[in-house]
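This is what each chain is made of:
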Amino acid sequence: MAGSIHGSVMPPEGGPGTGGFWRQAWRRLRRKRLALFAGGVIVLIALVACAGPHLSGIRYDSLDWDAIAMPPQFPGAHWLGTDRLGRDLFVRTLYGVRISLVIGLLASAVSLIIGVVWGMVAGYSGGRTDELMMRAVDVLYSLPYLFIVIILTTLFERGSLVVLFVAIGAVGWLTIARIVRGQTLVLARTEFVEAARVIGVKPGAMLWHHIVPNLSGTIVAYATLAIPQMILFESFLSFLGLGVQEPLPSLGNLINDGAREMQSAAWMLLVPAAFLVVLLLCFSIVGDALRDALDPREGSS
Amino acid sequence: MLAYAARRLAAIPPTLFIIVTLAFVVVRVAPGGPFDAEQSLPPQVKANLERAYGLDQPLVVQYVRYLRAIVHGDFGPSLKYRDLSVGALIAQGLPVSLTLGLAALIVALAVGVPLGTWAALRRGRAVDHGIMGLAVLGVVLPSFVTGPLLVLVFGLGLRWLPVAGWQDGNPYYLVLPVITLSLPLAAYIARLIRSSLLEVLQSDFIRAARARGLGRRRVIWRHALPPALLPVVSYLGPATAFVVTGSLVVETIFGLPGTGRFLVEGAINRDYTLVMGMVIVYGLITLTCNLAADLVYGWLDPRVGHAS
């Protein structure tokens, strides 16, 4: 990794001196109280979503016939009420958060890998290859891509979580490809890349050892912004009945259920909706702050 | 400019051809068929049905046949709604979807542009923070959350507005769907306008205009706002794609008889012709809107050289 612009990829602590890229970014980020708070909320929700269902001792699909469609009651068996089958809404929502988070993370990873590779190859090769690859991105960009996801998920094994995150990830890579390509174009003209090329570094090694480390800031920032997008796609599909299938809960199908029952039982809509909104809001706040901190071009005000 | 427009227009049919081919392959490669759901169907009847719709032919033959029909504007018969052609189905739903989408775009512009401008002019003050806070919320809130919440408050709670239905385009019934669909758009547009206006206000030609002694009002309206609107114009392309997909959810929530349900239903039922018809119609709509947005952009911004 010697020879990269920002120095090596280092954790916030332990960088040489005080000038490390990640160290500086961390210092910029630390000033943003709101982003730190939002990050804390995400971690808290994730922890509760992972541990909560186990601690409560209630399964996400166990029915309580004595408590059908019961409103929330704090000191009680079901804190946030139950649905019309008597399933505990707190447990189901936490479980749904977990599924939505996992799909969001995996789909972001898929889209990030495709987008980064596509953008790097296009930007580094330049010329006709670049033009052709970016034209393809333009065409895909102009399509309502959720259509494609809908077609993919309905046609191949509805409800399969793997199909779901691959399909979502496979259409979400366009923005990151554009950004990565732009930065690669600039990097490819820098002197250290030129020098590496002169001493005979092969294209593959060049991209991996010299371009990727310099893109890492951008990649991290856009990954954080991609996660809420992917969670949104997943919930959208599940809301339409095309994503996660019953009895498995996801925030999308819980909201769909809740919307059907809201006239008599508003909490069934409000509980999962609140979790989804808080999660999306926190991710986008953290993502914006990270982009400001890691992308000096944009410049935090 | 005219040559550029012609070239872009000429690029639409090949793009559409690629989309149609891709969709055809994806739809047909997937397992299952349109007549699988009806389990009681004897094999002979199923074979007859498939022959009647030409599904017994090799895929290549079907593909060529389909392309030939499409060129003549014939989308073929629906495989599920047996008595209706795909063309008739889409023609029935499209006015509803278009009305909804267009109304949402107009409302989003009418709300987003003034709010974004106001926020930019009051940068750092309470108004700015308030509007931008709302905008963040608007962008983040998905329509399948805002829709039911609006129904809960204004339909079921306050009883001001109808909960669902179309009623031949009675505007009263359109209020909640249009608000639901336009909210994220308006929020995004407000953010775009704010940041682009702030950038323009710092540029040299604005300083020059101020130095010439022009009034603040004139500087903003005549000099700063027009160039600041450009990002919004180029956003209108992606915005149509957003409206198209967004209307899917909004039509579901509010029970509107638009075309949105055809895509989902068609894909689930393996109604090949219906899915293909939807892909073509919506592909054409988004391609046209993208082209229109780009052309308007080029017309407004002389720096974009379309001459070559």
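Quick caveat: nothing in here was measured; it's all calculated off a predicted structure. (Residues numbered from 1 in each chain as written. Chains lettered and ligands numbered in written order. Predicted model: local features only at pLDDT ≥ 70, side-chain atom pairs only at ≥ 80, totals over all residues.)

**Here's the deal with the overall build of chain B**
Looking only at helices and strands, one finds twelve helices and zero strands in chain B. The order of α-helices and β-strands along chain B, N terminus first, is α-α-α-α-α-α-α-α-α-α-α-α. Projecting the C-alpha coordinates of chain B onto the three principal axes gives extents of approximately 85 × 60 × 30 Å. Out of the 308 residues belonging to chain B, those deemed buried represent 38%. Considering only contacts within chain B whose residues lie at least 6 apart along the sequence, 73% involve residues at least 24 apart. (Helix = DSSP H or I, 4+ residues; strand = E, 2+ residues; numbered from the N terminus. Buried ≥ 20, exposed ≤ 12 C-beta atoms within 10 Å, placed from the backbone. Contact = placed C-beta atoms within 7 Å.)

**Describing the overall build of chain A**
Within chain A one finds eleven helices and zero strands. Its helices and strands in sequence order give chain A the pattern α-α-α-α-α-α-α-α-α-α-α, from N to C terminus. Considering chain A as a whole, with its 301 residues, one finds that 45% of them fall into the buried category. Of all intrachain contacts in chain A linking residues separated by at least 6 positions in sequence, the fraction that spans at least 24 positions is 66%.

**Some details on the environment of Val286(A)**
Residue and element names in this part refer to chain A. Here Val 286 is to be found in helix H11 (residues 267-294). Among the residues examined, Val 286 registers 26 C-beta atoms within 10 Å and is labelled buried. With 250 residues separating them along the chain, Val 286 and Leu 36 place their C-alpha atoms 7.4 Å apart. What Val 286 contacts, discounting residues up to four positions off in sequence, is Ala 35, Ala 38, Gly 39, Ile 42 and Thr 224.

**Observations concerning the confidence of the model for chain A**
The predicted coordinates of low-pLDDT regions are not to be read in fine detail. All names here are of chain A. Here chain A averages 79 in pLDDT, and 85% of its residues register 70 or above. Mean pLDDT values over the elements of chain A span from 72, in helix H5 (residues 145-155), up to 89, in helix H3 (residues 89-125). The low-confidence segment residues 1-17 (pLDDT under 50) makes 27 contacts with residues lying over four places distant or belonging to another chain. (pLDDT = per-residue confidence, 0-100.)

**Some thoughts on the packing of H3(A) against helix H6 (residues 161-171) of chain A**
Residue and element names in this part refer to chain A. Between H3 and H6, the shortest axis-to-axis distance is 7 Å and the interhelical angle comes to 45°. On the basis of their axis angle, the class for H3 and H6 is oblique. Between H3 and H6 lies a crossing of right-handed hand. On the side of H3, the interface is formed by Ile 103, Leu 106, Ala 107, Val 110, Ser 111 and Ile 114, while H6 contributes Leu 161, Leu 164, Phe 165, Val 166, Ile 168, Gly 169 and Ala 170. (Axes fitted to C-alpha atoms, helices over the stretch in contact; angles between N-to-C directions. Parallel < 35°, antiparallel > 145°, perpendicular 65-115°, else oblique. Left-handed = near helix turned anticlockwise from the far one by under 90°.)

**Details of the confidence of the model for chain B**
Predicted confidence across chain B gives a mean pLDDT of 84, with 97% of residues reaching 70 or more. Overall fold confidence (pTM) sits at 0.80, and the ipTM for the predicted complex is 0.78.

**A word on helix H8 (residues 204-211) of chain B**
Judged by how many residues are buried, H8(B) sits mostly at the surface: zero of eight residues are covered. Remark: Gly213(B) follows H8(B) within two positions and exhibits a positive phi of approximately 90°.

**So, the environment of Ala51(A)**
Mapped onto the secondary structure, Ala51(A) falls in helix H2 (residues 33-56). C-alpha of Ala51(A) to C-alpha of Arg33(A): the two residues are 18 residues apart in sequence and 27 Å apart in space.

**Comments concerning the environment of Val244(B)**
Residue and element names in this part refer to chain B. Tracing the sequence through the fold places Val 244 in helix H10 (residues 230-254). For Val 244, a count of 24 C-beta atoms within 10 Å translates into the label buried. On a C-alpha basis, the gap between Val 244 and His 72 in space is 25 Å, while along the polypeptide they are 172 residues apart.

**Quick notes on the packing of helix H4 (residues 86-121) of chain B against helix H5 (residues 126-140) of chain B**
Residue and element names in this part refer to chain B. At their nearest, the axes of H4 and H5 sit 8 Å apart, and the two run at 140° to each other. By the angle between their axes, H4 is oblique relative to H5. Between H4 and H5 lies a crossing whose hand is left-handed. Between H4, through Leu 115, Trp 118 and Ala 119, and H5, the contact on the second element is made entirely by Val 127, Asp 128, Ile 131 and Met 132. The residue inventory of the contact of H4 with H5, partitioned by class, reads six nonpolar, no polar and one charged. (Nonpolar A, V, L, I, M, F, W, Y, C, P; charged D, E, K, R; others polar.)

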